[in-house]
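# Survey of secondary and tertiary structure
Single-letter residue listing:
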Amino acid sequence: EDALTHVPLVIRAPFLDADAAGNGRIEENLVQLYDIVPTALDIAGVDPLHVHFAQTLIPYLNGAHEAAKARGEVALTADGDAPRDFVFAEGGYATNEPRDSEGYVDGLPDKSNDYYYKSALQQEHPLTVCRAVSARNLTHKLVVRSDPQDRDHDSELYDLVNDPWETVNLYDNPSYAGVKSDLKQEILEWYIKTSDITPYSICSRTSGECDPEPW
């Protein structure tokens, strides 16, 4: 839900230039939580020595993105990354993984505990927390749920422009079949690009030791 994933990101960076009035900047673009790490490294002048899929937000903070938009251009990061067109989120666990349900190991909390009903629901109806992945852009959001017991369980699609509160599920609406297909393709490509990595430096096949310097 957007209550969990669509939250403002506020960065205080007084050492970066503000606008002429001394104010900060507001950007209506999409970011991922892990973009904070390369942003901090970029500010500190530190090169990352690991493979990651995040993007520095410096073009937003120093006004480069805003200036590029005014010119009708796209501000790229030093790594050549453009502003994100899509962001993704995932979570949940399958019905064949009951050990992951809250309260499975230690038992349910007392009924006076705020988490009692949430934990009890997971154990009684495990499909409510089955594996899910979402993709969204500035206009639409898709949430796909799948489980061994139900290949397509209560998936959702919303038109965020006409229905920002997500009250009308358009997943089975034939008029939005193209949008649904496009977002599913984005999820597939995201998983392909991020599901595995190769070592950042040369590693020995026999000892497993890796060179301290990257390729």
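The residue numbers shown here count from 1 along each chain, following its written sequence. Where local features are concerned, this predicted model is filtered to residues with pLDDT of at least 70; where side-chain atom pairs are given and counted, the filter is 80 or more; whole-chain, interface and lining totals use all residues. Calculation of side-chain values draws on the structure's entire complement of heavy atoms; hydrogens and water are dropped beforehand.

### Concerning the overall build of the protein
Operational definition: Each helix is a run of DSSP H or I of at least 4 residues and each strand a run of E of at least 2, with the numbering of both proceeding from the N terminus. Each residue is assigned to one of three classes by its accessible area relative to the maximum for its type, calculated with a 1.4 Å probe on protein chains only: buried under 20%, partly exposed between the two thresholds, exposed over 50%. Contacts between residues were defined by any pair of non-hydrogen atoms, one from each residue, lying within 4.5 Å. Per-residue and other accessible areas were derived by the Shrake-Rupley procedure at a 1.4 Å probe size, with only the shown protein chains allowed to occlude residues.
Secondary structure assignment for the protein yields 6 helices and 4 strands. Along the protein, helices (α) and strands (β) appear in the sequence α-α-α-α-β-α-β-β-β-α when read from the amino end. Taken across its 215 residues, the protein has 29% of its residues classed as buried. Nonlocal contacts in the protein, meaning residues at least 24 apart in sequence, comprise 46% of its contacts between residues at least 6 apart. As displayed, the protein has an accessible area near 14,800 Å², and 53% of this comes from carbon and sulfur atoms.

### Some thoughts on the state of the cysteines
For the record, the criterion: Counting rule for disulfides: a pair of cysteine sulfur atoms within 2.5 Å.
Per the counting criterion, the structure on display carries 1 disulfide. One disulfide bridge connects C203 with C210, the sulfur atoms lying 1.9 Å from each other. When the S-S torsion is 100°, as for the bridge of C203 with C210, the disulfide is right-handed. For C203, a relative accessible area of 25% corresponds to the partly exposed category. Here C210 falls in the partly exposed class, since its relative accessible area comes to 42%.

### Structural notes on the nonpolar core
Formally: We define the nonpolar core as a collection of buried residues of types Ala, Val, Leu, Ile, Met, Phe, Trp, Tyr and Cys that are connected through side-chain atoms lying within 4.5 Å of one another.
In terms of nonpolar packing, the biggest core is built from 11 residues, these being F88, V133, A135, L142, V144, L157, L170, Y171, L183, I187 and W190. When residues of this core are assigned to their parent elements, the largest contribution, 3 residues, is made by helix α6 (residues 177-194).

### Regarding the side chain of E97
Short version of the rule: In protein, a polar contact requires one atom able to donate a hydrogen and another able to accept it; more generally it is a pair of N or O atoms within 3.5 Å, and residues adjacent in sequence count only if both atoms are side-chain atoms.
Relative to the assigned elements, E97 resides in the loop between β1 (87-91) and α5 (116-124). At a separation of 2.6 Å, a polar atom in the side chain of E97 contacts the main-chain amide nitrogen of A94.

### As for the packing of aromatic side chains
For clarity, the cut-off: Only centres within 6.5 Å qualify two rings of Phe, Tyr or Trp (six-membered ring in Trp) as a pair; their planes then separate them into stacked at under 30 degrees, edge-to-face at over 60, and tilted for everything else.
Enumeration according to the criterion identifies 3 aromatic pairs in this entry. Aromatic pair F88 and W190: ring centres 4.6 Å apart, planes at 5°, arrangement stacked. Residue F88 is found in strand β1, and its partner W190 is found in helix α6; the two are separated by 102 residues along the sequence. Just as F88 is buried, W190 falls in that class too.

### Some remarks on α6
Put simply, the test is: Take the number of residues in a helix, subtract one, and multiply by 1.5 Å to get its expected span. Of all possible arcs, the one meant is that of the directions from the helix axis to the C-beta atoms.
Relative to the 26 Å expected for 18 residues at 1.5 Å per residue, α6 spans 26 Å between its end C-alpha atoms, a close match to the ideal helical length. Those residues of α6 not exposed but buried are K180, L183, I187 and W190. Burial along α6 is one-sided: seen end-on, the buried residues are contained in an arc of 85°. Of the exposed residues in α6, those oriented more than 90 degrees away from the buried face are D182, I192 and K193. Buried residues along α6 sit in contact with β1, β2 (132-136), β3 (140-145) and β4 (156-159).

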